[in-house]
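A look at the structure
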Amino acid sequence: MKIAVLPGDGIGTEIVAEAVKVLQALGLKFELEHADVGGTAYDRHGHPLPEATLKLAKEADAILFGAVGDWKYDKLERQFRPEQAILGLRKALGLFANFRPAICYEQLTHASSLKPELVAGLDILIIRELTGDIYFGQPRGRRIAPDGHFPGAEEAFDTMRYTRPEIERIARVAFEAARQRDKRVTSVDKANVLETFQLWKDVVTEVHKDYTDVQLDHMYVDNAAMQLVKEPKRFDVIVTGNMFGDILSDEASMLTGSIGMLPSASLNDKKQGLYEPSHGSAPDIAGKGVANPLATILSAAMMLRFSLNQAEAADRIEAAVKKVLAQGLRTPDIWSEGTTRVGTSDMGAAVVKALG
Ligand code: NAD
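Bear in mind the structure is a predicted one, so any value in this text is a computation, not a measurement.

Our focus in this paragraph is the overall build of the protein. A tally of regular secondary structure across the protein gives 12 helices and 14 strands. Taken over C-alpha atoms, the radius of gyration comes to 21 Å for the protein, in line with the 21 Å a tight globule of 356 residues would show. The principal-axis extent of the C-alpha atoms belonging to the protein is close to 65 × 50 × 40 Å. Per-residue burial over the protein gives 52% buried out of 356 residues. Nonlocal contacts in the protein, meaning residues at least 24 apart in sequence, comprise 74% of its contacts between residues at least 6 apart. Placing the 42 positive and 49 negative side-chain charges of the protein at their respective mean positions leaves the two points 2 Å apart.

Right, let's get into the domain arrangement of the protein. Examined at the domain level, the protein breaks down into domain 1 (1-96 + 268-356) and domain 2 (100-132 + 163-261). Inter-centroid distance (C-alpha atoms) of domain 1 to domain 2 is 24 Å. In this complex, domain 1 contributes 19 residues to the contact, which on the side of domain 2 involves 18 residues. Interface area for domain 1 against domain 2, summed over the two sides, is near 1,700 Å², with a carbon-plus-sulfur share of 67%. Linking domain 1 with domain 2 are 0 salt bridges. There are 4 residue pairs in polar contact (both at pLDDT 80 or more) connecting domain 1 and domain 2. Within the residue set of the side of domain 1 that touches domain 2, elements represented by two or more residues are helix H10 (294-306) and helix H11 (311-326). If you tally residues by element for the side of domain 1 that touches domain 2, the top one is H10, at 5 residues.

Moving on to the pairing of strand S2 (residues 31-34). Remark: a regular strand shows side chains that alternate across the two faces of the sheet. Examined bridge by bridge, strand S1 (residues 2-8) and S2 share 4 bridges and lie parallel to one another. Within S2, the position partnered with Lys2 by the bridge is Glu31. The parallel pair S1 and S2 is bridged by helix H1 (residues 12-24), and the resulting crossover is right-handed.

Attention now moves to the sheet that holds strand S12 (residues 273-277). Strand order in the open sheet formed by 10 strands is S2-S1-S3-S12-S11-S4-S5-S10-S8-S9, with mixed pairing between adjacent strands. Single-partner strands in this sheet number two, and they are S2 and strand S9 (215-220). Within the sheet, the average angular offset between the axes of one strand and its neighbour, ignoring direction, is 20°. Alignment of strand S4 (residues 97-103) against strand S5 (residues 123-129), held across 7 bridges, turns out to be antiparallel.

Taken together, 21 residues form the shell around the ligand, and within it Val68, Glu83, Gly280, Ala282 and Asp284 come nearest. One nitrogen or oxygen atom from the main chain of Asp70 is found 3.3 Å from an oxygen atom belonging to the ligand. Glu83 places a polar side-chain atom, nitrogen or oxygen, 2.5 Å from an oxygen atom of the ligand. In isolation the ligand has 810 Å² of accessible area, and contact with the protein removes 70% of it.

A word on the side chain of Asp189. Position of Asp189 among the secondary structure elements: in strand S8 (residues 184-189). Although buried, Asp189 forms no salt bridge, and the nearest oppositely charged side chain, Lys201, lies 4.8 Å from it. Setting aside chain neighbours within four positions, we find Asp189 in contact with Phe197, Trp200, Lys201, His218, Met219, Tyr220, Val221 and Phe244.

What follows covers the nonpolar core. A general tendency of soluble globular proteins is for nonpolar side chains to be buried together. Leu23, Leu64, Phe99, Ile127, Phe175 and Leu304 are the most contacted members of the largest nonpolar core, which has 86 residues in total. Counting residues per element, this core draws most heavily on H10, which supplies 9 residues. Looking at which domains feed residues into this core, each of domain 1 (1-96 + 268-356) and domain 2 (100-132 + 163-261) gives three or more. Dropping the residues within four chain positions of it, Phe99 is found in contact with Leu125, Ile126, Ile127, Val173, Ala177, Pro263, Ser264, Ala265, Leu267, Met302 and Phe306. Core analysis: the second largest hydrophobic core is formed by 18 residues, Ala4, Leu56, Ala57 and Ile63 among them.

This paragraph deals with the pattern of salt bridges. Scanning the model with the defined rule gives 22 salt bridges in all. Between Glu155 and Arg143 there is a salt bridge, with its nearest N and O atoms 2.7 Å apart. Taken as a pair, Glu155 in strand S7 (residues 154-157) and Arg143 in strand S6 (residues 141-144) lie far apart in primary sequence, 12 residues in all. Take Glu155: its relative accessible area is 23%, and that puts it in the partly exposed class. As a salt-bridge pair, Arg184 and Asp182 come within 3.0 Å of each other at their nearest N and O atoms. Judged by its relative accessible area of 23%, Arg184 falls in the partly exposed class. One salt-bridge network, held together by shared partners, links Lys2, Glu31, Glu33, Lys55 and Glu59.

Analysis parameters
- Residues numbered from 1 in each chain as written.
- Predicted model: local features only at pLDDT ≥ 70, side-chain atom pairs only at ≥ 80, totals over all residues.
- Heavy atoms only, no water.
- Helix = DSSP H or I, 4+ residues; strand = E, 2+ residues; numbered from the N terminus.
- Rg over C-alpha atoms; globule rule 2.2 N^0.38 Å.
- Buried < 20%, exposed > 50% of the residue type's maximum accessible area, 1.4 Å probe, protein only.
- Contact = heavy atoms within 4.5 Å.
- Lys, Arg positive; Asp, Glu negative; His and termini not counted.
- Charge placed at Lys NZ, Arg CZ, Asp CG, Glu CD.
- Domains from an automatic or database assignment.
- Buried area = accessible area lost by both parts, 1.4 Å probe.
- Salt bridge = Lys/Arg side-chain N within 4 Å of Asp/Glu carboxyl O.
- Polar contact = N/O pair within 3.5 Å; in protein donor to acceptor, adjacent residues only side chain to side chain.
- Pairing = 2+ DSSP bridges.
- Right-handed = clockwise from strand over helix to strand, strands pointing away.
- Axes fitted to C-alpha atoms, helices over the stretch in contact; angles between N-to-C directions.
- Near = heavy atom within 4 Å.
- Areas by Shrake-Rupley, 256 points an atom, 1.4 Å probe, with all protein chains shown as cover.
- Core = buried A, V, L, I, M, F, W, Y, C linked by side-chain atoms within 4.5 Å.

What follows is the structure, encoded as structure tokens:
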């Protein structure tokens, strides 16, 4: 099992180091190879995604990614900005399926902006299609409006589009994931208004015929946004397009209270995946040893489950994270009265110890 380790910028190096410690403590055989990415790579090699890094990422079974970005790169031409590395990796590896779990740990229910009884025990998985939809659809651009309400005025336009195979493959990913959970999928669309999402709904319904053991329901995106804050625990797996998934996954992440707790995965059709925390490089706290490494450690658990076929090891990590939270250990972002404040490396060490 070869893992490309790409720590990146800011807190990326600190949090990935802890996830690596946890992986190494599992007693499994991994080949871990590090490479530069993001601003660090730009500084050292003149590009945020150097050839050598891309080659390593392509060869690996999975990629453990920290975070990229720093305000000091904001003035660079777009192609050299650190964030281009993530887009480049998604494109080069065809990472079309984005997994964003939103889990509210019992001990952190107070950190959510919703009432504790609404989020206690929350465990939902949002699966977002990542390489299609209005974000990539052509044509797009600016022009003088040929018609519409204001012909002759300057206008901008984007194109929402999905092909049948794109919908089929993400629907299969969602049904397969649901089989490992509570066997319920909610497909979120806007089929009442958009042709693209009428096709989406039709195709998801057809694919469902191969997964009759999984319960499927359809929900319009506006209702889904409402239900996520009204009754989030009604969901198990949500599958949706790129734009709706972008918005709903951020909404769901806030239910859990802290961004420092949220892992994510982006997979291709060979189950090769890029695993990273949902947060960024947090330049405001970089180098201070206070970043929460749990999102990255939980991303490593997802990597074991989805790309490396090591579900048992993934369970061990997740159980260890629950255990350290139960012990009252907290990095500053999740600290509250009566708990013990620890730094990044102490939190990582505690997870290693809790693995048993
Ligand atoms: P951010 O997620 O880096 O930080 C937002 C806030 O959350 C900050 O106050 C930060 O201190 C805090 N935070 C984030 N992760 C934390 C952790 N693990 N522990 C404790 N606190 C944590 O978002 P931002 O400040 O908007 O962006 C900073 C940089 O990160 C920018 O350059 C942005 O482009 C980049 N970014 C990268 C990614 C990525 O690599 N996938 C994602 C988002 C943003």
